[in-house]
Amino acid sequence: MPSTSPRHRRVALPLAAAALLVPAATACSSGGTGGSGASGGDQRLKVAMAFPPAQAMSPYGDDAVTLSRLAVVEGLTGLDKNGDAKPALATAWKRDGDLTWEFTLRKAAFQDGTQLDAAAVVRSLAAAQKASPKPRVLSDTTLTATAQGADTVRVTTKAADPLLPQRLANPSLAVLSAAAYKDNGNGKVDPAGHATGPFTLAKVNGAVSATLERNDTYWGTKAKAPGIDVKFVADGTARANALRTKDVDIAEYVPISQAALLGDNLVHEFPTARTSGLSLNTERGVFADPPMRAAAREAIDSKALATGVYEGRADTAQGLLGPGVPWAADLRTAPTGRAKAATPAEVAKTKEIVLATYTNRPELPEAATVVQQQLEKRGFTVKQVVRDYAQMEADALGGKFDAFLQARNTLLDTADPLSYLASDFTCDGSFNISQLCAKPVDTAVAKAASLAGTDARHRAEMTAEAAILGADALVPLVHERFIQGYDDARVEGVALDPMERTLITADTHIG
């Protein structure tokens, strides 16, 4: 799966392996203080997570998002519903010139009892900068943090970075106590008991389960639940079944195929920042010809995909950025520079095209079949290639497919689409599957990167979207919705976060 989202580097367990986790979820569901016999806010939460730990809960990989979704770790900043930075461990910040920002820290303690101070922030950011592999959020920048007294930190970047406050909200840049970095013989950073969030990671049982306890010294509102018993259940049907039988209180990422079976009281869907789209190879093959790309775009029926494959639980495509990016619709402009589409007769003369997608997201292979039918109706001859994502990423990035169907998180690591636009559609982009290299796009993205003002940057980003859509480098298919599972008659305070960083909060509890 594409590396645009912390969820993307995980490979689901085979069905048989996942099914083995269900008995474990049942057997251990009441473990820990205040077990399932307790009532109301005294009851521990039982949660089924979709993605088992991949790096022993290291904050520098995908596991950082799991730690964030379970309310274990925090950084200097957080994100509000619009993706703007809000206070977390820093109460305020200001820019000092083009390259430096100054952050004022709040009074807070780590879960091991030591105090948050500027030295701890400097240590954590330096460790992230030196980590191997480096966290993706730092792949395009270098941070240098220095302490200015006990409660002030200055962060300097090599190049101007107007998105630094949003960047520091990334879970991979969580602030941990000194004990997290002690050499334990394997070079790993240990967040267990060393973070600042409302819940403390107490135990991890490999890829099977984890136990969290309430952090009674949390600087904010104390968590309402006394703890969380987590089971990692990779198979979506198994998660849905655990929710249906009340083996768990909350099941993340319920598959669309299971949503109707669960019923509305257990299913909660909401817009996301994820867009499923068809990347067309602009460099070689049939789609190097702009009229052929335009013909492919005209062949796609987004509504048929949303109502059919996604069973009405997705939104028809409006552009690169969907309802999960709430400001985009008001700033959207018409695509610019579009070629006239080739006729069906002209299309019929072209050679066979290869349409590829991956199995890791269950809706994509079915969507690829519908897209193939739509393209063939236009006159294209289509061959499908469907494999595990890990087996095809190199080929996709190398431009070996004519068309690649994928789901992309458009807010990426900084909660702003700038990173997505730069990586996917500029000449030097690191994830440019469409192989696009177009001056209007590069110019618009570069302009957005230079703008500190949020509104001005968003307008420049939508100018870039119009140019990308005008080039037909990507045909948006649908804007996905997330489906989280919980009984809204008894579970309160579950976060429905389009950016995928939050699930459990201090307010989450059994009502």
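As shown above, the structure is provided for reference.
Residues numbered from 1 in each chain as written. Predicted model: local features only at pLDDT ≥ 70, side-chain atom pairs only at ≥ 80, totals over all residues. Heavy atoms only, no water.

Colleague: Any chance you could explain the state of the cysteines here in plain terms?
Modeller: Here, disulfide denotes a covalent bond that connects the sulfur atoms of two cysteines. Under the definition given, this model contains one disulfide. Here Cys427 is linked by a disulfide to Cys437, with a sulfur-sulfur distance of 1.9 Å. Negative torsions about the S-S bond denote left-handed disulfides, and the value of about 95° found for Cys427 with Cys437 makes this one right-handed. Residue Cys427 is found in the loop between helix H14 (418-425) and helix H15 (439-449), and its partner Cys437 is found in the loop between H14 and H15; the two are separated by 10 residues along the sequence. Accessibility expressed as a relative area gives 32% for Cys427, which makes it partly exposed. (Disulfide = S-S within 2.5 Å. Helix = DSSP H or I, 4+ residues; strand = E, 2+ residues; numbered from the N terminus. Buried < 20%, exposed > 50% of the residue type's maximum accessible area, 1.4 Å probe, protein only.)

Colleague: Got a minute to help me understand the side chain of Thr275 in this structure?
Modeller: Inspection of the secondary structure puts Thr275 in strand E12 (residues 267-280). Reaching out from Thr275, the side chain makes a polar contact with the side chain of His479 at a distance of 3.0 Å. Sequence-distant contacts of Thr275, that is, excluding residues within four places in its chain, are made with Gly319, Leu320, Gly322, Gln406, Ala407, Arg408, Thr410, Pro476, Val478 and His479. (Polar contact = N/O pair within 3.5 Å; in protein donor to acceptor, adjacent residues only side chain to side chain. Contact = heavy atoms within 4.5 Å.)

Colleague: Would you mind going over the pattern of salt bridges with me for this structure?
Modeller: Close approach of charged atoms lets side chains of opposite charge pair. Tallied over the full model, the rule gives 26 salt bridges. The partner of Arg313 in a salt bridge is Glu269, and the shortest N-O contact between them spans 2.3 Å. In this pair, Arg313 sits in the loop between helix H9 (302-307) and strand E13 (314-316) while Glu269 sits in strand E12, placing the two residues 44 residues apart along the sequence. Each of Lys94, Asp96, Glu102 and Arg154 takes part in salt bridges that share partners, so that together they form one network. (Salt bridge = Lys/Arg side-chain N within 4 Å of Asp/Glu carboxyl O.)

Colleague: When you look at the pairing of strand E10 (residues 227-232) in this model, what are you seeing that I'm missing?
Modeller: The side chains of a regular strand alternate between both faces of the sheet. Of all six residues making up E10, six are buried, and the element is well covered by its neighbours. Judged by which residues are buried, E10 turns out to be covered on both faces: Gly227, Asp229 and Lys231 on one side and Ile228, Val230 and Phe232 on the other are all buried. Summarising the sheet, strand E1 (residues 45-49) and E10 pair through five bridges and their orientation is parallel. Along E10, the bridge assignment pairs Ala48 with Lys231. (Pairing = 2+ DSSP bridges.)

Colleague: What should I look at first to understand the pairing of strand E9 (residues 209-214) in this one?
Modeller: The sheet contact formed by strand E8 (residues 199-205) and E9 spans six bridges and is antiparallel. Bridging across to E9, Asn205 finds its partner in Ser209. Linkage of E8 to E9, two consecutive antiparallel strands, is achieved through a turn of three residues, within which Gly206 is found at a positive phi near 55°. Examined bridge by bridge, E9 and E10 share five bridges and lie antiparallel to one another. Looking across to E10, one finds that Glu213 is bridged to Gly227.

Colleague: Looking at this structure, how should I read the packing of aromatic side chains?
Modeller: Each pair of aromatic rings is reported with the distance of its centres and the angle of its planes. Enumeration over the complete set of coordinates arrives at 10 aromatic pairs. Seen from their ring centres, Phe401 and Phe404 are 6.0 Å apart, and the 10° between their planes marks the pair as stacked. Ring geometry for Tyr420 versus Phe425: centroids 5.5 Å apart, planes at 85°, classification edge-to-face. For the pair Tyr420 and Phe425, a shared accessibility class is recorded, and that class is buried. If you follow Arg106 out to its NZ or CZ, it ends over the ring of Trp219, 3.8 Å from the centre. (Phe/Tyr/Trp six-rings, centres within 6.5 Å; stacked < 30°, edge-to-face > 60°. Lys NZ or Arg CZ within 6 Å of the ring centre and 35° of its normal.)

Colleague: Would you mind going over the packing of H14 against H15 with me for this structure?
Modeller: Helix packing geometry: the angle between the two helix axes and the distance between the axes. In the contact formed by H14 and H15, the axes pass within 10 Å of each other and the chain directions differ by 150°. In terms of orientation, H14 and H15 fall into the roughly antiparallel class. The chirality of how H14 crosses H15 is left-handed. The segment H14 lies against H15, with Leu418, Leu421, Ala422 and Phe425 engaging Val441, Asp442, Val445, Ala448 and Ala449. Here the contact of H14 with H15 is built from residues that sort into eight nonpolar, no polar and one charged. (Axes fitted to C-alpha atoms, helices over the stretch in contact; angles between N-to-C directions. Parallel < 35°, antiparallel > 145°, perpendicular 65-115°, else oblique. Left-handed = near helix turned anticlockwise from the far one by under 90°. Nonpolar A, V, L, I, M, F, W, Y, C, P; charged D, E, K, R; others polar.)

Colleague: Even after reading the chapter, I still don't get helix H16 (residues 454-470), so can you show me in this structure?
Modeller: When the terminal C-alpha atoms of H16 are compared, their 24 Å separation across 17 residues agrees well with the 24 Å that a helix rising 1.5 Å per residue should span. Looking one or two residues past H16, Asp472 carries a phi angle of roughly 55°, positive in sign. (Expected span 1.5 Å × (residues − 1).)

Colleague: Explanation requested: the sheet that holds strand E5 (residues 100-105) in the structure shown.
Modeller: Backbone hydrogen bonds hold the strands of a sheet together, and the pairing may be parallel or antiparallel. The strand order across the open sheet formed by four strands is E4-E5-E7-E6, and the pairing between neighbours is antiparallel. If you trace the sheet from one side to the other, it starts and ends with strand E4 (90-96) and strand E6 (143-147), each paired once. Across the sheet, the axes of successive neighbouring strands diverge by a mean angle of 20°, strand direction being ignored. The sheet contact formed by E6 and strand E7 (residues 152-157) spans five bridges and is antiparallel. Directly across from Leu143, in E7, lies its bridge partner Thr157. On the sheet, helix H4 (residues 118-130) packs against E5, E6 and E7 and is oriented at approximately 160° with respect to E6.

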